[in-house]
Amino acid sequence: MSQANIYPPSADFVKQANVSGMEAYRALYQKAADKPEEFWGELAKEKLHWMEPFSHVFEWEPPFVKWFVGGKLNACYNCVDRHVGEGNGDKVALLFEGEPGDSRRITYSELLKDVSRFANGLLRLGIETGDRAIIYMPMIPEAVIAMLACARLGITHSVVFGGFSAEALKARIQDLGAKLVITADGGWRKGKEVKLKPAVDEALADCPSVTSVVVCERTKTPVPMVHGRDHYWQAVEAGQSEHCPAVPLDSEHPLFVLYTSGTTGKPKGILHTTGGYLLQCAMTVEWVFDLKKNDVYWCTADIGWVTGHSYVTYGPMALGATQVIYEGSPDTPGFDRWWAIVEKYKVSILYTSPTAIRALIRQGDHLPNAHNLSSLRLLGSVGEPINPAAWEWFYKVIGKERCPIVDTWWQTETGAMLIAPMPGAVPLKPGSGTLPIPGVMAEVVNLDGKPVGPNEEGYLIVSRPWPSMVRTIWGDPKRFEDQYWSRVPGKYFTGDAARRDEDGYFWVLGRVDDVLNVSGHRLSTMEVESALVRHPAVAEAAVVGKPHEITGQAVCCFITLKKGEYDHDVLSKELRQWIAHEIGAFARPEEIRFSEALPKTRSGKIMRRLLRELVTNNTVAGDVTTLEDLSVITKLAAQQDDES
Ligand code: PRX
């Protein structure tokens, strides 16, 4: 090992680890590389319950893959019934902490009854296998129950993050052709009610496919209910049997669609299916989180993002984990809320994002230091590269130099982790996701698909299909092929730049496309631009990411206005609000700059590269040979000088 900051696993950790020592990791990796069918086939039989066996492990007709072909299983059965059947019904599945301080403990047996009653209620509403449901909920147990009930019946779910606006919700409902929407009156965040039902009502004005809406009462604020369409959750499950057979589903049955931002204004519906997805989620929990029977696991992600799918609902539950779910914000009532939760529930594995870590660092060490965090044994990070200062703080102040930090690289499309350390085997280097998990053939290449040398920057690609791989873009297989499989023909293009060091460790450097990463959430510059130009005052807009101390990147907009008199301050506020309405509050721009023109190439393409440089360095040093009107950049830079 050639770098100074290397953290090998401690002897104690190695002794108890699910994968113990580098040789064990290498053996797994080698077997998966040499005999992928045997490797994944054996794991699938051992770790999942199959209602009908699969005939072969995978079928690869690039870019489409099928895993565990011919097999039938049910994800909900694997996540719930199986544990009850194995005598673990009294084990706690969910430890729920509401933001106002209420809490609930739900065992696997109770969960089975709750899920079954609710699934029976959905059947009574006329929802069937193959239908699609939107889930738009706060982070409460019913959100997980809703996902599992859909999985039980083979209803493909699409969770829409509660921070998305009615407009964004509408686009997703329409694209999916959903028949059912499961929502709540609202949820609690920062001491206030975040209302959800009004956004559903607004969206549904334009969504004829939806026949039923189920409303869970969380905040108990009265909401208008449309007769015949809207039903309270409690009424849906009332009088329903606690028994509801889990439907045997094809391994390739669509489990969920999750919309994520791409490089156009239209979000992509990433489709994940059942068998392969579930297996890789479960295996990465076992390998990377080193999950044991007695762990109390807490992933702080919302179910609205892929992390909440793979590492709240499906991965940990497939292994029968006990986990914490928390409804609210880390700062309510004080910035020590998370540390109080770790102490209260004796959390042993904590998985979160660099953005959250950076926000908490700011509040001072006295907050975590005032709590007993000795239950922690493993920490994890996801969503963006973790900067060394955040890593060190997490390691020292939270983990007390005892807990390995697993930096996990993956994407909505990959379904589960692809590059992440096995903490009892792989020495850590802060900022690196380290090595690929078994079966993942990751490479760093140039645009000709040729591997670049050690420490050279290139494109991160994956050259073989993996079980939890995206199957297609919902309703748009052509876009799926173009987007991921044509840049380097036949290889999966991640959209990330990376380098590999002399030890083979991967260092992900960020996106190479027009996708921003704000607080670990993906946001397309095109999506924000299209929303901006829908505003009557905006003629043209260019959106770029600006480095931000807490959120990693922040949204920065350059705007030219249509003819007219405008008060820039007022319009700026209005446009920020507009984005919150069109997309969601999390996409609200940090900065808006008005300009008479935008820098363009002679062919009329906006030179975002220059704008990025401008917001990062406040000057432009890059190549401007194709710039149509150089004075535009000079003016934009001068405007910044005036303001600062
Ligand atoms: O750029 C990478 C970054 O987040 C992108 C995926 O975003 P999303 O699909 O929203 O999924 C986020 C949660 C898995 C990637 O293309 N990213 C994610 N994890 C890391 C990361 N960048 C560096 N290090 C990571 N650990």
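In this text, all values refer to a predicted model and were calculated from it rather than measured experimentally. (Residues numbered from 1 in each chain as written. Predicted model: local features only at pLDDT ≥ 70, side-chain atom pairs only at ≥ 80, totals over all residues. Heavy atoms only, no water.)

Bringing the site of the ligand into the picture now. Neighbouring the ligand are 16 residues; Asp407, Thr408, Thr412, Arg511 and Arg522 lie closest to it. At a separation of 2.8 Å, a nitrogen atom of the ligand approaches a polar backbone atom of Thr408. One nitrogen or oxygen atom from the side chain of Asp496 is found 2.9 Å from an oxygen atom belonging to the ligand. Contact with the protein chains hides 95% of the accessible area of the ligand, taken as 550 Å² for the molecule alone. Residues that form the shell around the ligand fall into these classes: five nonpolar, six polar and five charged. (Near = heavy atom within 4 Å. Polar contact = N/O pair within 3.5 Å; in protein donor to acceptor, adjacent residues only side chain to side chain. Areas by Shrake-Rupley, 256 points an atom, 1.4 Å probe, with all protein chains shown as cover. Nonpolar A, V, L, I, M, F, W, Y, C, P; charged D, E, K, R; others polar.)

Further remarks concern empty space enclosed by the protein. According to the stated counting rule, one finds three cavities of 30 Å³ or more in the structure shown. By volume, the largest cavity amounts to about 100 Å³. If you go around the largest cavity, you meet 17 residues; those closest to its centre are Lys268, Gln483, Gly495, Arg511 and Asp513. Counting residues per element, the ones that place at least two in the lining of the largest cavity are α16 (477-485) and β24 (492-500). Looking at the lining of the largest cavity, its residues break down into four nonpolar, seven polar and six charged. There is about 50 Å³ of room inside the second largest cavity. (1 Å grid on protein atoms, 1.4 Å probe; cavity = no way out; pocket = protein on both sides within 12 Å on 5 of 7 lines; lining within 4 Å. Points joined across faces, edges and corners; volume = space filled by probe spheres on them. Helix = DSSP H or I, 4+ residues; strand = E, 2+ residues; numbered from the N terminus.)

This paragraph deals with the pairing of strand β10 (residues 192-195). Looking along a regular strand, one sees side chains alternate from face to face of the sheet. Relative to β10, strand β9 (residues 186-189) runs antiparallel, the two being bridged by four bridges. Directly across from Gly187, in β10, lies its bridge partner Val194. Connecting β9 to the next strand, β10, in antiparallel fashion are two residues, including Lys190 with a positive phi near 55°. (Pairing = 2+ DSSP bridges.)

Take the confidence of the model for the protein next. When pLDDT is averaged along the protein, the result is 94; 97% of the residues meet or exceed 70. Averaged pLDDT values for the elements of the protein fall to 68 in helix α20 (residues 630-643) and rise to 99 in helix α6 (residues 141-153). (pLDDT = per-residue confidence, 0-100.)

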